[in-house]
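Structural description and commentary
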Amino acid sequence: MKYIFFLLLVSTGISAQAQGTIPESFFDGKSVVMISTDPGARPVMDWKVLADSVHQSLVQAGGDPIAYFELEQISLSEEVQADFATSFEQRGVKNIVLVTRQKSATSIHVGSFSRDGKILSTTALFGVSGGTWKEASEQFSNLGANVRTKNLLVIDVPEFPTQTTQANPTASQASQRFFARNPLNLEVFKLGIPLEGTSAQTGALSYFRYNMYGKSQETILAEQEAQKSQIQRILETEYPNEVAWLTEAKSNQELIRDRVQFLLVKVEGRESDLKRSMGLETDPANETQTVVKYYIKLLVRDELYIGPEWDADSDWRIALRNFLRNLKK
């Protein structure tokens, strides 16, 4: 039956742009939609306008999109993702839909909700793409032409949950684990440094951000090597203690066994969003730029240390150097 279903998709002009098949639960279960849109794409559309534009296509395809979020807000950090995942579990969500709008193309992907803190367990999702959001939406809506959906009572317009503890936990549970001070005993144990683009660092959600989606493996590997070289130069002058480079996912128990009790974590997002997620006061009017912030995670206590001073910067090199210098205070 799955093979027949795939042939039907091909006959309607649907092009799968990723591995895997569309989850059967898409036609019989709630979906949460995450939007990532390039501010440089034309015509200009913020994420809520794009959500409103694609909503009917998702419904016509047979889905039940119950809530829309900006992907960048959810993918801020592992802690924020975990809190959102708890909220999705409570609402009975079965599917994650990702809409990625770049300057030259728009893609729509569907995957099963992993029911854990990662939200998605893989980047190998079913997807369609088009030169514009209209083309991608039209392709996706054609899914409903050959499949009978069980999602009957769906909302007519997209819903954007307000920033409450239940609907958007960015400023609640996650922020309680952050401490505006430095950790102790850094000289005793190794500091684990996950390289970007590896399974040790990159969550599946971040892969679908407009500035990440579509990068080739060669580009990712080149960026990893360049990044490691630059981090090493900064560490030589700013961090005197022992480090461990991490290129594959390991459990906390495995890391602690190898004397890695600390992890250096890099997050990127709008400055106001990052501050809010860490329980700090914000000024959304003056903190709209995208910045990089580093912090240290203490594995044995699941505590997150952001340092005594706010040291984020739009340049990750400056942000890292600032953070390491603040560790000496």
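Structure report, in brief. (Residues numbered from 1 in each chain as written. Predicted model: local features only at pLDDT ≥ 70, side-chain atom pairs only at ≥ 80, totals over all residues. Heavy atoms only, no water.)

**Looking at the pairing of strand β3 (residues 93-101)**
Judged by how many residues are buried, β3 sits mostly within the fold: eight of nine residues are covered. Across eight bridges, strand β1 (residues 30-37) lies against β3 in parallel orientation. Bridge pairing in β3 places Ser36 opposite Thr100. Where β3 lies against strand β4 (residues 106-112), seven bridges are found, and the strand directions are antiparallel. Directly across from Val97, in β4, lies its bridge partner Val110. Between β3 and β4, which pair antiparallel and follow one another directly, the connecting turn spans four residues. (Buried < 20%, exposed > 50% of the residue type's maximum accessible area, 1.4 Å probe, protein only. Helix = DSSP H or I, 4+ residues; strand = E, 2+ residues; numbered from the N terminus. Pairing = 2+ DSSP bridges.)

**Thoughts on the sheet that holds strand β11 (residues 303-305)**
Sheet architecture is open: six strands sit in the order β6-β11-β10-β9-β7-β8, paired in mixed fashion. Of all the strands in the sheet, just β6 (178-179) and β8 (243-246) have a single pairing partner and so form its edges. The sheet contacts of helix α6 (residues 217-238) involve β7 (190-194), β8 and β9 (260-270), and relative to β8 the element is tilted by about 170°. Helix-sheet contacts for helix α9 (residues 316-326) involve β9, β10 (290-298) and β11, and the interaxial angle to β10 is about 40°. (Contact = heavy atoms within 4.5 Å. Axes fitted to C-alpha atoms, helices over the stretch in contact; angles between N-to-C directions.)

**Focus on the packing of aromatic side chains**
Summed over the entire model, instances satisfying the criterion amount to 13 aromatic pairs. Seen in terms of ring centroids, Phe178 and Tyr295 are 5.1 Å apart; in terms of plane orientation they differ by 80°. Their pairing is edge-to-face. A residue pair is termed long-range when its members are at least 10 positions apart, and Phe178 in strand β6 and Tyr295 in strand β10 qualify at 117 residues. For the pair Phe178 and Tyr295, a shared accessibility class is recorded, and that class is buried. Members of the aromatic cluster, each reached through a chain of ring pairs, are Phe69, Phe84, Phe88 and Phe113. Between the NZ or CZ atom of Lys48 and the centre of the ring of Phe160, over which it lies, the distance is 5.3 Å. Across from the ring centre of Trp310, 5.8 Å away, lies the NZ or CZ of Lys293, which sits over that ring. (Phe/Tyr/Trp six-rings, centres within 6.5 Å; stacked < 30°, edge-to-face > 60°. Lys NZ or Arg CZ within 6 Å of the ring centre and 35° of its normal.)

**Let's talk about the nonpolar core**
Grouped together as the largest cluster of nonpolar side chains are 39 residues, with contacts concentrated most on Met34, Phe88, Ile96, Leu98 and Ile119. Among the secondary structure elements, those contributing two or more residues to this core are β1, β2 (64-70), α3 (71-74), α4 (78-90), β3, β8, β9 and β10. Those residues in contact with Phe88 that sit more than four places away from it in its chain are Val32, Met34, Phe69, Ile74, Val93, Ile96, Phe113 and Ile119. Phe26, Val110, Phe126 and Trp133 belong to the second largest nonpolar core, which has 24 residues in total. (Core = buried A, V, L, I, M, F, W, Y, C linked by side-chain atoms within 4.5 Å.)

**Points about the environment of Leu143**
Locating Leu143 in the fold gives a position in the loop between α5 (133-141) and β6. Among the residues examined, Leu143 registers a relative accessible area of 0% and is labelled buried.

**Side note on the pairing of β7**
Extensive coverage of β7 is indicated by the burial of five of its five residues. Burial along β7 is two-sided: the residues Lys190, Gly192 and Pro194 and Leu191 and Ile193 are all buried. With three bridges joining them, β7 and β9 adopt parallel strand pairing. Paired with Lys190 across the strands is Val260, a residue of β9.

**Concerning the pattern of salt bridges**
A complete count under the given rule lists 15 salt bridges for this structure. Salt-bridge contacts for Arg177 lead to Asp302; the nearest nitrogen and oxygen are separated by 3.8 Å. Within this pair, whereas Arg177 is found in the loop between α5 and β6, its partner Asp302 is found in the loop between β10 and β11, the two being separated by 125 residues in sequence. For Arg177, a relative accessible area of 23% gives the class partly exposed. Linking Glu238 and Arg325 is a salt bridge whose minimum nitrogen-to-oxygen distance equals 3.0 Å. Of this pair, Glu238 sits in helix α6 while Arg325 sits in helix α9; the two residues are 87 residues apart in sequence, bridging distant segments of the chain. Given a relative accessible area of 43%, Arg325 falls into the partly exposed group. One network of salt bridges, in which partners are shared, links Glu70, Arg270, Asp273 and Arg276. (Salt bridge = Lys/Arg side-chain N within 4 Å of Asp/Glu carboxyl O.)

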